[in-house]
Amino acid sequence: MILLDFLSNFFLTISLGVSVLLVLYSFGFTKFFRKEYSAAFYWLILFVFIFSVVGVIRAADMISFLFLWELMSLCGFLMLIFDYRNYESVKSAVSYFVLSHISVGLLIIIAQVIYNYTGTYDFSVMREGLKTMDSQRKHWLGLAAFFAFAVKSDLFPFNGWISKSYSNSPSPSLIAVSSIMVNISIFGFIKIFMDLLNLYDPTFSILIMLIGIFTAVYSSVTGLFKNNYNEFLGYSTVENMGLIYATLGLSIFLKTQNFNALSSLAFVAALFHTFNHSIFKTLLLMSYGSLKFTTDEKNTNKLGALQKYNKTAFYGSLAGSLAMSGIPPFNGFASEILIIQTFILSIQALGGSFSSLIVLISTVFIGLTCGLVLYSTVKNFGMTFLGQAKDTVPISTRKPGFFISFAVVLSSLLSLAAGLLSSYIVDAILKIGSSVWGDKLPEEFSKSFNSIMMFGFFMLMFFMFFVFIRYLLSTFRKKEVSDTWACGHREFEPKFQYTSSGYAQPASRLFKNAVSYSKKVEQKKGISISISANDMLQEYVYPFFIWIFGVVSRFFHKIQHGYIQLYVLYFVVTLALTIFLVLKG
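Residues numbered from 1 in each chain as written. Predicted model: local features only at pLDDT ≥ 70, side-chain atom pairs only at ≥ 80, totals over all residues. Heavy atoms only, no water.

A. Here's a closer look at the overall build of the protein. In terms of helices and strands, the protein carries 21 helices and two strands. Here the protein holds 585 residues, and 52% of them are scored as buried. Here the contacts in the protein between residues at least 6 apart in sequence split such that 79% fall between residues at least 24 apart. If you sum the accessible surface of the protein, you get close to 27,700 Å²; carbon and sulfur atoms cover 67% of it. (Helix = DSSP H or I, 4+ residues; strand = E, 2+ residues; numbered from the N terminus. Buried < 20%, exposed > 50% of the residue type's maximum accessible area, 1.4 Å probe, protein only. Contact = heavy atoms within 4.5 Å. Areas by Shrake-Rupley, 256 points an atom, 1.4 Å probe, with all protein chains shown as cover.)

B. Main features of the pattern of salt bridges. Considering all chains together, one arrives at two salt bridges under this definition. Across the salt bridge formed by Asp134 and Arg137, the nearest N and O atoms sit 3.5 Å from each other. By relative accessible area, Asp134 is classed as partly exposed at 36%. By relative accessible area, Arg137 is classed as partly exposed at 37%. Across the pair Lys226 and Glu231 runs a salt bridge whose closest N-O atoms are separated by 3.7 Å. Each member of the pair, Lys226 together with Glu231, is buried. (Salt bridge = Lys/Arg side-chain N within 4 Å of Asp/Glu carboxyl O.)

C. Spatial organisation of helix H3 (residues 62-80). Helix length check: H3 (19 residues) gives 27 Å between terminal C-alpha atoms against 27 Å at 1.5 Å per residue, within 8%. Of all the residues in H3, the buried ones are Met62, Phe65, Leu66, Leu68, Trp69, Met72, Ser73, Cys75, Gly76, Phe77, Met79 and Leu80. Measuring from the side-chain oxygen of the N-cap residue of H3 to the backbone nitrogen of Ile63 gives 3.2 Å; that N-cap residue is Asp61. (Expected span 1.5 Å × (residues − 1). Polar contact = N/O pair within 3.5 Å; in protein donor to acceptor, adjacent residues only side chain to side chain.)

D. How the structure looks around the packing of aromatic side chains. In the structure shown here, the tally under the stated rule is 25 aromatic pairs. Here the aromatic rings of Tyr25 and Phe29 are separated by 5.6 Å at their centres, their planes lie at 25°, and the arrangement is stacked. Pair noted here: Tyr25 and Phe29 are both in helix H1 (residues 2-33), with a separation of four residues, about one helical turn. On the accessibility criterion, Tyr25 (0% relative accessible area) is buried. For Phe29, a relative accessible area of 4% gives the class buried. Ring centres of Phe402 and Phe406 lie 5.7 Å apart, and the angle between their planes is 15°; this geometry places the pair in the stacked category. (Phe/Tyr/Trp six-rings, centres within 6.5 Å; stacked < 30°, edge-to-face > 60°.)

See below:
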């Protein structure tokens, strides 16, 4: 119960904190679409969504949990299709809706099986009753629970809807999904899988860790080749969910091997990264979302120099990009270092076993993921805000307004504060972890995080000193303005710059098969180069399931003839068959 109470308060704090930022941001954003869409309907959906999120966290029984979970999913769907005139947005949101109800269906099955065994829907009574359940049945329930929450967390292969939905949905909807709803799926996984079922199995834990690692690597590679900045942020969410689940899987595995202190550390690392991801992802979605006031174009191959027109988006995106890339003193650095440190310590603790080799390989792939995220973040930020516009893009002089700017600044300060105060945050979480697992962590962990905080503080002081010196030099020095060197040409042209696709070109030599990368060169009046990189799930996996669904739908369509008499006959036959089966049983 200590773990569950702590988790509820922890995730409630994150959810309400992000909700406050979202409400502030929405005050400014609703002014943008007030003439085309109903602002009142938006506010209704938003507050019902927040209510359902709080209800899921505080639910004391399975019925309330399922009802509020379904309400949360429905509100998330309505927010994603808020721009209902955009066909692609609606199409991708329907994919999300279908996947969400796969999750709900699995949870209903789990609830009913547990009820049949314990005779109650109350979580506290369920927990006690499940202690005597046979391991085979509990393993099946655990597998169903993992996939139910994996669907909601967008783990591979359930993230195929991300690309189109993130590229077309409004930013407040994406904040609700990326910074709030995915966290609730993590909460649900811990509550059902780790607390209620108490399923600490080495095979399951390794499976969860490997799926998380594969999700992180796959999404970081795919996101690197995306030229729509919102799509990139969508794949970034999937990548971070992969890291969190991989760390939770490691925590479960270490618990099965009786490394309780390391298990606690891994659990804390996962929670801390959940906290940090919520902050910097909210900041990035708000910042890039405010570009809607400047231009409707989202293709980074055509953008550039937007820092001249939207300072709110520029500085907010800079802070968020630094945090997401793991650059101190922002918060992403501390939690990523903690995750890597936990994996390295686990390798040492496990010795020369086969599981140690698996953890070692996972650590290497986490390092690869961090490098790819840095690469793609530099590409996305640089091509959007720096240089010159690479195409004729309509630019508006509208400003984001007070509420949006205030929400972005507040999120930036939270990201910076969470990085500088990381040792205190981790220490607070570790105290709870020690009370749950019973083993206290060595003092070296606290000392290492004090060092991280001091390093981050030093980086901040150095940056402020650098800005101050640069300001003094620019004030007292005569400025000379000249044209950019045009590489031997008479005049500089925007086409001389790197494009977003060109910046990712070196990585295509390594990962082209993973994203169906293709490059086509045509020479007519001039040289034309077209590059495409597709999500493998959308290209190969999802069409197969859509085809199956179409076959099944056409089969059931045959029994629909539009006659009310026939439908009544169906009902009577079904009722008679049900009564017969009940009496026979």
